Amino acid sequence: MSRMTVWHFSEMAYPPAWPAGDALGSHRVTLPNRLAEPEQVADIYHRHLDEFRLCDELGMNIMLNEHHSTATCLNSAVPLFLSILARETTNARLLSLGTPIANRPDPVRVAEEMAIVDVLSRGRLEMGLVKGSPFEIAPANANPARIMDRFWEAHDLILKAMTHQDGPFNWEGEFFHYRNVNIWPRPWQQPHPPVWITGLSPHSGRMIAERGHVAAALLSGGIAAGMFDAYRKRAAELGWVAGPDRFAYCALVGVGRDEAEGRRRADQIADYVRTSPIVAEPFRNPPGYAPVPANVQVLKAGPQKFVAKVQTADGRIIDPTRGTVQDFMDAGTVFAGTPDQVFEQIVDFNRAVGGLGHLIIMGQGGELNHADTCDNLRLFAQEVMPRLDELEMPENPYAELAARTVSAAE
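Residues numbered from 1 in each chain as written. Predicted model: local features only at pLDDT ≥ 70, side-chain atom pairs only at ≥ 80, totals over all residues. Heavy atoms only, no water.

## Let's talk about the overall build of the protein
Working step 1: Looking only at helices and strands, one finds 15 helices and 13 strands in the protein.
Working step 2: A compact globule built from 410 residues should have a C-alpha radius of gyration of about 22 Å, and the protein, at 21 Å, falls within 12% of that.
Working step 3: A principal-axis box enclosing the C-alpha atoms of the protein has dimensions of 55 × 50 × 50 Å.
Working step 4: By residue count, 53% of the 410 residues in the protein fall in the buried class.
Working step 5: Taking contacts inside the protein between residues at least 6 apart in sequence as the whole, the part at least 24 apart equals 74%.
Working step 6: With the model as given, the accessible surface of the protein reaches about 18000 Å², and the carbon-plus-sulfur share is 52%. (Helix = DSSP H or I, 4+ residues; strand = E, 2+ residues; numbered from the N terminus. Rg over C-alpha atoms; globule rule 2.2 N^0.38 Å. Buried < 20%, exposed > 50% of the residue type's maximum accessible area, 1.4 Å probe, protein only. Contact = heavy atoms within 4.5 Å. Areas by Shrake-Rupley, 256 points an atom, 1.4 Å probe, with all protein chains shown as cover.)

Spelled out as structure tokens, the structure:
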């Protein structure tokens, strides 16, 4: 058996602006910020911080992310909120998932920010380094071409900045140039905080495995199984067995005292999924952002307004902007119902993807209010979370390959 850790996540959305975003046809990039009333935004910030603090009391960990120029996420600077939570919480691990490092012009600054949070929290940081969504390219004034090459160079620079302790070093890369890199303070955790990277494809799984980081899939349903399997196989080829602690999955979760209440909560949370893809066409797929094979698949799908990225176990394609709770449950992006039903859904999904060490629950989304959110989190923590210790993880099918690899090397 292996214990599954639980993280709570919310994007701190701003639903009052959603009707205007619907009318404009874009909740991102072009939606005027005059629609964001500072008083309402402040209330939203404070209620979410209260909910994250509740997670600390309930024994849950906390995940944050950031997005820019959008009414779907009010957190545009994840290190700021991490710093607040580093002070306001005591036990929770704090996960940034994450920081879109390929869009940031200064990776050394990212290393400094993460080191400060790690020290301030006394070693509770989990550092997520992400590619970022295509909608982020324009607000960041970034070049979408060769974004993954830039990502991996930024990744390498950040980790070297966090681990180098002998004075300044010089960095002359293809994308970044520094004469003197010497961050103060160095991180609390040595050699550096644990690293998480999001992905979706088998190729991503192999690349993440080569670095031994945690691979995280967000709201992708059973598609995540392909990435996780590719990770396990590549790890075995390199001579080590990837345990469940290397895999994370994020789902929307609604728990109720009866099935109807759980589904109602999940339905409100799912408004996050229904609104996030609504973005003006020029920002959906910047030239060079997606790999050629992915663009070929989009072209083959035909001239659709939106090509869904999730599908049900029986192969149905779901348009997230119109999906029902049952659609999302069939796709594995939502777990909803009574505590017993939610637990069984997690059991089934865990088996389908070959075993998870980390479950990220989106226990708040859309217009789910503070009282409902707190009750949702309490029910999950009290009635579902303790039972996750009962989960039996599937055996790694590549364990024998890893043993042969080690023997051959010896």
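Here the narrative resumes, following the displayed structure.
## Digging into the pattern of salt bridges
Working step 1: Per the stated rule, a full pass over the model turns up 26 salt bridges.
Working step 2: Linking Arg 264 and Asp 372 is a salt bridge whose minimum nitrogen-to-oxygen distance equals 2.9 Å. Residue Arg 264 is located in helix α9 (residues 259–269), and its partner Asp 372 is located in helix α14 (residues 370–384); the two are separated by 108 residues in the primary sequence.
Working step 3: Judged by its relative accessible area of 36%, Arg 264 falls in the partly exposed class.
Working step 4: Ionic pairing is found between Arg 316 and Asp 330, a salt bridge with its closest N-O pair at 3.0 Å. Remark: Asp 330 occurs in helix α12 (residues 325–331) and Arg 316 occurs in the loop between β10 (310–311) and β11 (317–318); sequence separation between them is 14 residues. (Salt bridge = Lys/Arg side-chain N within 4 Å of Asp/Glu carboxyl O.)

## Quick look at α14
An α-helix turns once per 3.6 residues; consequently, residues spaced three or four apart project the same way.
Working step 1: An ideal rise of 1.5 Å per residue puts 21 Å on 15 residues; α14 measures up with 20 Å between its terminal C-alpha atoms.
Working step 2: Listed in full, the buried residues belonging to α14 are Asp 372, Thr 373, Cys 374, Asp 375, Asn 376, Leu 377, Leu 379, Phe 380, Ala 381 and Val 384.
Working step 3: Buried residues belonging to α14 abut β1 (5–9), α2 (38–58), β9 (247–255), α9, α13 (339–352) and β13 (358–362).
Working step 4: Regarding α14, its N-cap is Asn 369, as a side-chain oxygen of that residue lies 3.2 Å from the backbone nitrogen of Ala 371 further along. (Expected span 1.5 Å × (residues − 1). Polar contact = N/O pair within 3.5 Å; in protein donor to acceptor, adjacent residues only side chain to side chain.)

## Considering the packing of helix α8 (residues 224–237) against helix α15 (residues 399–409)
Working step 1: At a minimum axis separation of 7 Å, α8 and α15 run at an interaxial angle of 20°. Considering their axes alone, α8 and α15 lie roughly parallel with respect to each other. Only Leu 401, Ala 402 and Thr 405 of α15 make contact with α8, whose side of the interface consists of Lys 233, Ala 236 and Glu 237.
Working step 2: Tallied by class, residues from the contact of α8 with α15 come to three nonpolar, one polar and two charged. (Axes fitted to C-alpha atoms, helices over the stretch in contact; angles between N-to-C directions. Parallel < 35°, antiparallel > 145°, perpendicular 65-115°, else oblique. Nonpolar A, V, L, I, M, F, W, Y, C, P; charged D, E, K, R; others polar.)

## A word on the nonpolar core
Working step 1: With 93 residues, the main nonpolar core has Met 60, Leu 64, Met 127, Phe 335, Ile 346 and Phe 380 as its most contacted residues.
Working step 2: In terms of residue count, helix α6 (residues 147–163) provides more of this core than any other element does, nine residues in total.
Working step 3: Excluding its chain neighbours within four sequence positions, the residues that come into contact with Met 127 are Ser 96, Met 114, Ile 158, Leu 159, Met 162, Pro 193, Pro 194, Val 195 and Trp 196.
Working step 4: If you look at the next biggest cluster of nonpolar residues, it comprises 28 residues, including Val 214, Ala 270, Tyr 272 and Ile 318. (Core = buried A, V, L, I, M, F, W, Y, C linked by side-chain atoms within 4.5 Å.)

## Considering the packing of aromatic side chains
Working step 1: Counted according to the given criterion, the structure contains eight aromatic pairs.
Working step 2: Seen in terms of ring centroids, Tyr 231 and Trp 240 are 6.0 Å apart; in terms of plane orientation they differ by 80°. Their pairing is edge-to-face.
Working step 3: Given a relative accessible area of 27%, Trp 240 falls into the partly exposed group.
Working step 4: These aromatic residues form a ring-pair network of at least three members: Phe 228, Tyr 231, Trp 240 and Phe 247.
Working step 5: Stacked on the ring of Phe 169, the Lys or Arg Lys 160 has its end atom at 4.6 Å from the ring centre.
Working step 6: The positively charged end of Arg 211 is found above the aromatic ring belonging to Trp 152, 3.7 Å away from the centroid. (Phe/Tyr/Trp six-rings, centres within 6.5 Å; stacked < 30°, edge-to-face > 60°. Lys NZ or Arg CZ within 6 Å of the ring centre and 35° of its normal.)

## Overview of the packing of α2 against helix α3 (residues 78–88)
Working step 1: Their axes nearest at 11 Å, the elements α2 and α3 cross at an angle of 45°. The pairing of α2 with α3 is recorded here as oblique in orientation. Between α2 and α3 lies a crossing whose hand is right-handed. Within the contact between the two elements, α2 uses Tyr 45, Leu 49, Phe 52 and Arg 53 and α3 uses Phe 81, Ile 84, Leu 85 and Glu 88. (Left-handed = near helix turned anticlockwise from the far one by under 90°.)

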